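# Residue-level structural notes
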Amino acid sequence: MQIAVVQTNPIFGDVVNNIKRALSIMQSVKADIYILPELFATGYNFIDEEELKILAEPIDGYTYKEIQKWAKENSTYIVYGFPEKADKIFNSSALIGPNNLIGLYRKVHLYDRENILFSPGNLGFPVFDLPFGKVGMMICFDWIYPESARSLALKGVQLIAHPANLVLPYCPDAMVTRCLENRVFSATANRVGAENRGGFNFEFIGNSEIVAHNGKILTRLSAIEESISVVEIDLSLASNKKINQWNDLVLGRRIDQY
């Protein structure tokens, strides 16, 4: 299968043009699944909760309609991050296919000012069966908690789709360890640029990447430019948790000692 990570530089609040720009970048390569950044259409640095409420959307809102239309036209799957307006407002990601919504994830581990803007995720870490393998999602700061990737791995995930707006420098290298310790693939789609609004400044590090089940970095994008990269992978490799005759990374867990 072909997987693509999409690295964008959204203009805060310009939802229509941010979506158009992302789709234009995606149009340049063919893939079975595309991973877009966290909050890719709205931008990240909300001044306050009222501003967030204005830009938040229900799962079937404008962003979904535009992305799903493109997915149908191109017979592909897409993961993208968005501010979800439900009974509360969540920092969410959606997995959609050529015909419909397949899955929803709500960010469990909120970062910095997200803690006063969003509600913590309440759906756990679900895994979804696609024609080419089992896909789960986590968002940005979820990476720093090993339990995020491990929870997905124990449910049989083969690919972790990871929309992000990374500002800390550690994640790209840390995802190598997450993939190694769980024998899974990951695709981190980050953004670039900066947002200095309301006295709060965030500078995003780019470096979107795809990492293999053995920890090999298959592609890593630049720190400053919008771009896209596509890699061919065999997700079935993530089903083998044995690293030698005696060590299976799942069966070898000593849960009686933890």
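Throughout what follows, the structure given in this document is the object of discussion. Along each chain, the written sequence defines residue order, and numbers are assigned to residues from 1. The predicted origin of the model limits local features to residues at a pLDDT of at least 70 and limits the giving and counting of side-chain atom pairs to 80 or more, whereas totals for whole chains, interfaces and linings rest on all residues. Heavy atoms throughout the structure, all of them, feed into the side-chain values; hydrogens and water do not.

## Here we look at the pattern of salt bridges
By definition here, a salt bridge exists when the distance from a side-chain nitrogen of Lys or Arg to a carboxyl oxygen of Asp or Glu is within 4 Å. For the structure on display, the rule yields 12 salt bridges. One salt bridge connects E226 with R21, and the closest N-O pair in it is separated by 2.8 Å. Pair noted here: E226 is in the loop between β13 (217-220) and β14 (227-232) and R21 is in helix α1 (residues 15-26), with a separation of 205 residues, a long-range link. Relative accessibility decides the category of a residue: with a 1.4 Å probe and only protein chains considered, values under 20% of the type maximum give buried, values over 50% give exposed, and everything between is partly exposed. Taking the relative accessible area as the measure of exposure, E226 reaches 27% and is therefore partly exposed. Of the residues examined, R21 reaches a relative accessible area of 41% and is grouped as partly exposed. For R197, the salt bridge goes to E51, with nearest N and O atoms at 2.9 Å. One end of the pair, R197, is in strand β10 (residues 192-197); the other, E51, is in helix α2 (residues 49-55), and 146 residues separate them in sequence. Taken individually, R197 and E51 each receive the classification buried, so the pair is uniform in this respect. Salt bridges sharing partners connect three or more residues here, namely E38, K107 and E114. Numbering of helices and strands starts at the N terminus; helices are DSSP runs of H or I of at least 4 residues and strands are runs of E of at least 2.

## Looking at the nonpolar core
Counting residues in hydrophobic clusters, the biggest one holds 82 residues, and the most contacted among them are I3, I33, Y34, L36, I67, I78 and Y80. Ranked by the residues each element gives to this core, the list is headed by α1, at six residues. The definition of a nonpolar core used throughout is a set of buried Ala, Val, Leu, Ile, Met, Phe, Trp, Tyr and Cys residues joined through side-chain atoms within 4.5 Å.

## Details of helix α5 (residues 146-154)
Buried within α5 we find S148, A149, L152 and A153. All buried residues of α5 fall inside an arc of 125° around its axis, so they share one side. When checking whether two residues touch, look at their non-hydrogen atoms; a contact exists if any pair is within 4.5 Å. If you follow the buried residues of α5, they end up packed against β6 (127-130), β7 (133-137), β8 (159-163) and α6 (171-182). The positive-phi residue at the C-terminal boundary of α5 is G156, with phi of around 95°. Starting at the helix axis, one direction is taken to each C-beta atom, and the arc is that of these directions.

## Digging into the sheet that holds strand β5 (residues 101-106)
The strands making up a sheet associate through hydrogen bonds between their backbones, and the pairing can be parallel or antiparallel. The pairing criterion is simple: DSSP has to find at least two bridges between the two strands. Across the sheet, which stays open at both edges, the six strands sit in the order β5-β4-β3-β2-β1-β14 with mixed pairing between neighbours. Two strands lie at the open edges of the sheet, namely β5 and β14, each paired on one side alone. Ignoring which end each strand starts from, the neighbouring axes of this sheet average 25° apart. Pairing analysis gives six bridges linking strand β1 (residues 2-7) to β14, with the strands arranged antiparallel. In the sheet register, V5 faces β14, and the bridge partner there is S229. Packing of helix α3 (residues 62-74) onto the sheet brings it into contact with β2 (33-35), β3 (77-85), β4 (89-96) and β5, and relative to β3 it is tilted by some 175°. Here, axes are lines fitted to C-alpha atoms. For helices the fit covers the stretch in contact, and angles between N-to-C directions go from 0 to 180 degrees.

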